[in-house]
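Results of the structural survey
Listed here are the chains, written in short residue letters.
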Amino acid sequence: MGMIMNKKRVGVIPVAAITLVAIACAPLLVWLKGHAPLALNVFANERYNLEIGYQVTVLALAAIVIGLVYAMTGREGLAYLNLRRRGGVIRPEPWIGVKPKAGETWRHLGLNFAVVITLATAIVIYFQVVHGKSISFDWVPGIFLVLAFALANAFSEEILFRFSFVAVVSKYGYSPYLAQGLAAAIFGVVHYFGNPGGLVGVLMAAFIGWFLAKSMLETKGFFWALIIHFLQDVVIFTALFME
């Protein structure tokens, strides 16, 4: 018991530090989105160029955060980046209907929620971005860029707002609900200015932040968080590029 308490005392500074890093990243992403820090001229479509510059910049930021997490947790923390771990025991969450049956693992829950979250995102994005507008879509290179941007964005945001908390909080023996709460709060707030946006965007992003942190904690891997976020972002980027 004493060892656990000592571990938690030592962990106060790393947990506080990674929380401050994530809090700083939230407004930084909003600023980067509107200020084109990396000027590229790859395509005739300026929106594509702006998005490439943004994604490259945020990937670099994610790499820095991975380095910080490694400094705080060592290889133990980096283990949460494993993409092969897709199963894992599900902690019941009756308030959202998560009542796993005997033998049910994250292989089932992850797939079910991937479908539900993607469909919910599509509905909200349709009414916030697409509905009532004249739309067109540049299939080439649009579809390839949608997939590339969705993957890059999902990876970066999972590193900044999920992996960071999960790895550090777990390393120092704190409750998994601390990691999930921090992930929900910060990811929710930053999406007030995102897509989906406004109060609906905050609530959706907060739930997704909480749920994807749960997936990392219980599978001890990155797979479901990355896949679910990627599918969401495919929907979002497709809608944005239709404007």
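Located above this text is the structure these notes cover.
Here goes a summary of the coordinates provided. (Residues numbered from 1 in each chain as written. Predicted model: local features only at pLDDT ≥ 70, side-chain atom pairs only at ≥ 80, totals over all residues. Heavy atoms only, no water.)

**Regarding the environment of V166**
Note that V166 resides in helix α5 (residues 139-171). Judged by its relative accessible area of 0%, V166 is buried. Expressed as a C-alpha distance, the spacing of V166 and L178, which sit 12 residues apart in the sequence, is 8.8 Å. Those residues in contact with V166 that sit more than four places away from it in its chain are Y80, A179, A213, M216 and L217. (Helix = DSSP H or I, 4+ residues; strand = E, 2+ residues; numbered from the N terminus. Buried < 20%, exposed > 50% of the residue type's maximum accessible area, 1.4 Å probe, protein only. Contact = heavy atoms within 4.5 Å.)

**What about the pattern of salt bridges?**
Scanning all chains against the criterion turns up seven salt bridges. For E76, the salt bridge is made with K171, and the minimal N-O distance between the two is 3.2 Å. Pair noted here: E76 is in helix α3 (residues 75-78) and K171 is in helix α5, with a separation of 95 residues, a long-range link. The salt bridge involving E158 is made with R162; its shortest N-O contact spans 2.5 Å. Within this pair, E158 and its partner R162 are both found in helix α5, separated by four residues, close to a single helical turn. When sorted by exposure, E158 lands in the same class as R162, which is buried. The structure contains a network of salt bridges with shared partners spanning R91, E93, K214 and E218. (Salt bridge = Lys/Arg side-chain N within 4 Å of Asp/Glu carboxyl O.)

**Describing the packing of aromatic side chains**
Throughout the structure, instances matching the rule amount to 14 aromatic pairs. For the ring pair W95 and W210, a centre distance of 5.1 Å and an interplane angle of 70 degrees mean the geometry is edge-to-face. Placement of the pair is W95 in the loop between α3 and α4 (106-130) and W210 in helix α7 (residues 198-219), with a sequence separation of 115 residues. Both rings, one in F237 and one in F241, keep their centres 6.0 Å apart while their planes meet at 50 degrees; by these two values the pair is tilted. Across the pair, F241 and F237 agree in class, each one buried. An aromatic cluster is built from W95, W106, F113, F207, W210 and F211, whose rings are joined through pairwise contacts. Directly above the aromatic system of F223 lies the positively charged group of R86, at a separation of 4.2 Å from the ring centroid. The ring of F187 carries R162 above its face, with NZ or CZ at 4.0 Å from the centroid. (Phe/Tyr/Trp six-rings, centres within 6.5 Å; stacked < 30°, edge-to-face > 60°. Lys NZ or Arg CZ within 6 Å of the ring centre and 35° of its normal.)

Geometric descriptors of this kind do not, in isolation, establish any biological role.
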